[in-house]
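# A closer look at the structure
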Amino acid sequence: MIAVGALPRPLVVAVAITLAVQAVTSMAMVAPSVLAPAVAPLLGAAPQRIGLFVSVAYFAAMLSGLACGGLIAGLGALRVCQLAVLLAAAGLVLGAAGWLPAMPLAALVIGVGYGFVNPASSHILSRATPSGMMALVFSIKQTGVPIGGMIAGALVPALLLGVGWQATVVLLALATAAVALGVEPARRTGEAPAPDETVVATRLPAGVALRRAVLGLGGPIRLVLAERRMRELAAVSFSYATVQLGLFTYLVSFLNLEVGYTLVAAGLVFAFAQAAGVVGRVVWGALADRVLGARAMLGLLGVTMAACGLATAFESASWPLAAVAALSAVFGASAVGWNGVYLAEVARRAPPGAVGAATGGTQFFTFLGALAGPPLFGSIAAATGRYSSGYAAFSMLPLAVGVWLLATRRDGPPSTDAPDDA
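About the criteria used
Residues numbered from 1 in each chain as written. Predicted model: local features only at pLDDT ≥ 70, side-chain atom pairs only at ≥ 80, totals over all residues. Heavy atoms only, no water. Axes fitted to C-alpha atoms, helices over the stretch in contact; angles between N-to-C directions. Helix = DSSP H or I, 4+ residues; strand = E, 2+ residues; numbered from the N terminus. Parallel < 35°, antiparallel > 145°, perpendicular 65-115°, else oblique. Contact = heavy atoms within 4.5 Å. Nonpolar A, V, L, I, M, F, W, Y, C, P; charged D, E, K, R; others polar. Core = buried A, V, L, I, M, F, W, Y, C linked by side-chain atoms within 4.5 Å. Buried < 20%, exposed > 50% of the residue type's maximum accessible area, 1.4 Å probe, protein only. Phe/Tyr/Trp six-rings, centres within 6.5 Å; stacked < 30°, edge-to-face > 60°. Lys NZ or Arg CZ within 6 Å of the ring centre and 35° of its normal.

## Focus: the packing of helix α5 (residues 134–142) against helix α12 (residues 263–292)
In contact at an axis separation of 7 Å, α5 and α12 are set at 170° when each is read in the N-to-C sense. As the angle between them shows, α5 and α12 are arranged roughly antiparallel. From α5, Met134, Ala135, Leu136, Ser139, Ile140 and Gln142 reach across to α12, where they touch Arg281, Val282, Gly285, Ala286, Ala288 and Asp289. Among the residues forming the contact of α5 with α12, the class breakdown is 7 nonpolar, 3 polar and 2 charged.

Quick look at the structure:
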C-alpha cells in the first residue's frame, strides 16, 4: 500500500476534494431509490416508478456532462465541483416538498449537478496523478459512488423511522451543500492542482462560460467517436451502466417486496453491497495499473457481474441472510467497481488539454445506459411481476461485452499499451 504521507500534497488534496464531491452527489442520486418502497405509495405512485426518476436524472447528467468542458474552461474545475454539489442539494430540497409533479424537476436538478462531477474531477486528477497510478487514483476517487450509496442505504432507513422522510431528505441536502463550503479554502489558496495556463488566461464570466458550454455540446461526442479506443470505452460503459443502475435502483425494492426483508434489513444489504464496491474499486484499479491492464480488468468485471446478476435472480426468502449479503457484495464489487478503471483509461487517452471534454463525451454514453436501464428493468419487473426477471435479463449484456473484451485483450498494464490510431 502507498502511504498517504509519501504522496504529493496536491494529489492528496485533489483526491480528498473529488472523493467528497463524488460521495455526496452519489448519495443524492441514490437516496430516492432507497426511499421508494416507503415514500412512493404516500405520493400515489408505484415503487417501480422510481426508475423514471432515475432516468430523468441521468438524462440531465448526460447533457450537463457534455457542457462541462466549456464550464471548466470558463469557471475552473473546483468552482464546477461546488456548483455540482449545490445543484444536488437544491434537487433534494425540491423533492422534500412532497408534491409528485415536482419530482421530475428535482430529478433534473440533481442530474445536472451529477453530470458535472466526473469531467471536473478528471480535469483535476489528471494534472496531479503520476501516469503509473492513474487507474488506482481514479478508482479511489470513484469509491465516492459506493460510499454515497452506502451512506444512503445505512442512514436513510434509520432517519426515515426517526424523523420522517421529508426531514430526512432536507438533512441530506444540508450535508451535501456543506461540501461546497469545504472546497472553498482549497480553491482560494490554490492547494488543489491549478488548471493549466491556457485555462487561467481564458477564465470567463459565469454567463459567458455557460453560453459557450451549451453551444459546444456536440464537441465531446465528436471527440469520442473519432478515435477507436474511445468508441470502445464508450460502448463498454454504456453496457455496464445498465447493469449497475439495475442493481442499485431496484435492490432495496427487490429485497423488501419480493424476498420479504424489512426495509431496514434491505437497506443494510444495499449498504453492504456498496461497501464492497469501495473495496472493489481500489483493488481493480491497482490490478489494472500493475498486472492486467484496463481491457482485461474490464472484461473480467463484466463476466463477474453477469454471473452475479443471474444468481441474484434465484434469491428467495429461503436463502440465508449471509448468502444474500455475500452475493450482493460480489455483485457490488463488480457492477460498481469498473468506473475508475474506465475513467482513468479515458483520461490516459484523451488529447492534451481535453480530459474534461473526453470524459464528458464518454460519460454521455455511460449515462445513456443509465438512462435506458432503470425503466427497462422496471418494465420487465412490471410485466412479469418479479424483479428477479429483470436481474436475469440484464445479465446477458455484460456477459457478451466481458467475453469480447477478454477475447481481444492486450497483455500487460495499460501504461505499456501504445496509443491507437483513429
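## Let's talk about the nonpolar core
With 130 residues, the main nonpolar core has Tyr58, Leu255, Leu298 and Tyr391 as its most contacted residues. In contact with Leu255, other than residues within four places in its own chain, are Gly260, Tyr261, Ala266, Val269, Glu315 and Val324.

## Quick notes on the packing of aromatic side chains
Per the stated rule, a full pass over the model turns up 12 aromatic pairs. Where Phe331 meets Tyr391, the ring centres are 6.4 Å apart and the plane angle is 65°; that geometry is what we call edge-to-face. Remark: Tyr391 occurs in helix α17 (residues 387–394) and Phe331 occurs in helix α14 (residues 321–335); sequence separation between them is 60 residues. Here Phe331 and Tyr391 have matching classes, each one buried. Summarising the aromatic geometry, the rings of Trp338 and Tyr342 are spaced 5.5 Å apart at their centres and angled 40° between planes, so their arrangement reads as tilted. Note on Trp338: relative accessible area 0%, which makes it buried. Judged by its relative accessible area of 3%, Tyr342 falls in the buried class. Grouping aromatic residues by their ring pairs yields a cluster made of Tyr250, Phe254, Phe331, Phe377, Tyr387, Tyr391 and Phe394. The side chain of Arg295 reaches across the aromatic face of Trp404, ending 5.0 Å from its centre.

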